[in-house]
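Residue strings, one per chain:
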Amino acid sequence: QVQMVESGGGLVQAGDSLRLSCAASGRTFSHYAMGWFRQAPGKEREFVGGISWSGGSTYYSDSVKGRFPISRDNAKSTVYLQMNSLKSEDTARYYCAAEFTPNSERYYVRENDYDLWGQGTQVTVSS
């Protein structure tokens, strides 16, 4: 099992970029499909993007497609969310999630598909 800690959040202006990191403990990080979700105040948590264990397969929500590429470095047990061209509506707490998926290029988009979650990092975009 892995435990995750997100970092990299902060207060930025519209149009700026941020890179979030999700560092995982445990020796089996490469066996996990990873996902990013976000939750804005007063709203439900929503899917942002997902990546397979190898990084070979990715999937994004329409709201971030083309702006927020996801990548991972299994040697560093870290998954990244590069956030470009930030908008005020991207303001939210961002969470990484993990699901044990060995030997499969599968990724997941539903919150209930993930068993493991980090504590989140806050991203605030001022307009």
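To start, this report covers the structure provided alongside it. As the structure is a prediction and not an experimental result, all values here were calculated from the model. (Residues numbered from 1 in each chain as written. Predicted model: local features only at pLDDT ≥ 70, side-chain atom pairs only at ≥ 80, totals over all residues. Heavy atoms only, no water.)

### Re the sheet that holds strand β8 (residues 78-83)
Quick reminder of the rule: If DSSP finds at least two bridges between two strands, the strands pair. Secondary structure counts use DSSP, requiring at least four H or I residues in a row for a helix and at least two E residues in a row for a strand, with both numbered from the N terminus. To get an axis, a line is fitted to the C-alpha atoms, and for a helix only the part in contact is used. The angle between two axes follows their N-to-C directions and goes from 0 to 180 degrees.
Strand order in the open sheet formed by four strands is β1-β3-β8-β7, with antiparallel pairing between adjacent strands. At either end of the open sheet lies a strand with only one pairing partner, and these are β1 (3-7) and β7 (70-73). Between one strand axis and the next, the sheet turns by 20° as a mean value, whatever way the strands run. As paired strands, strand β3 (residues 18-25) and β8 are joined by six bridges and run antiparallel to one another. When the bridges of β8 are listed, Leu 20 appears paired with Leu 81.

### Overview of unusual backbone geometry
To be explicit about the condition: For every residue, the accessible area (1.4 Å probe, protein chains only) is compared with the maximum for its type, and the residue is labelled buried under 20%, exposed over 50%, or partly exposed between those bounds.
At Ser 77, a position not held by glycine, the phi torsion is positive, near 55°. Tracing the backbone through its elements, the reader meets Ser 77 in the loop between β7 and β8. Exposure remark for Ser 77: the relative accessible area of 14% places this residue in the buried category. The backbone phi angle of Asn 103 is positive, close to 60°, even though this residue is not glycine. For Asn 103, the location among the structural elements is in the loop between β9 (92-100) and β10 (116-117).

### Let's talk about the packing of aromatic side chains
We apply this condition: Each aromatic pair joins two rings of Phe, Tyr and Trp (for Trp, the six-membered one) with centres within 6.5 Å, and gets the label stacked for planes under 30 degrees apart, edge-to-face for over 60, and tilted for any other angle. Here, a charge over a ring is recorded when the distance from Lys NZ or Arg CZ to the ring centre is within 6 Å and its angle to the ring normal is within 35 degrees.
By the definition in use, this model includes eight aromatic pairs. Their ring planes at 85° and their centres at 5.4 Å tell us that Phe 37 and Tyr 114 sit as a pair that is edge-to-face. With Phe 37 in strand β4 (residues 32-39) and Tyr 114 in the loop between β9 and β10, the pair connects residues that are 77 residues apart, well separated along the chain. Comparing Phe 37 with Tyr 114, the two get one shared label, buried. Where Tyr 108 meets Tyr 114, the ring centres are 5.9 Å apart and the plane angle is 75°; that geometry is what we call edge-to-face. Tyr 114 carries the same exposure label as Tyr 108, and that label is buried. Put simply, the rings of Phe 37, Phe 47, Tyr 59, Tyr 107, Tyr 108, Tyr 114 and Trp 117 touch in pairs and so form one group of aromatic residues. Its end group placed over the ring of Trp 117, Arg 45 keeps NZ or CZ at 4.0 Å from the ring centre.

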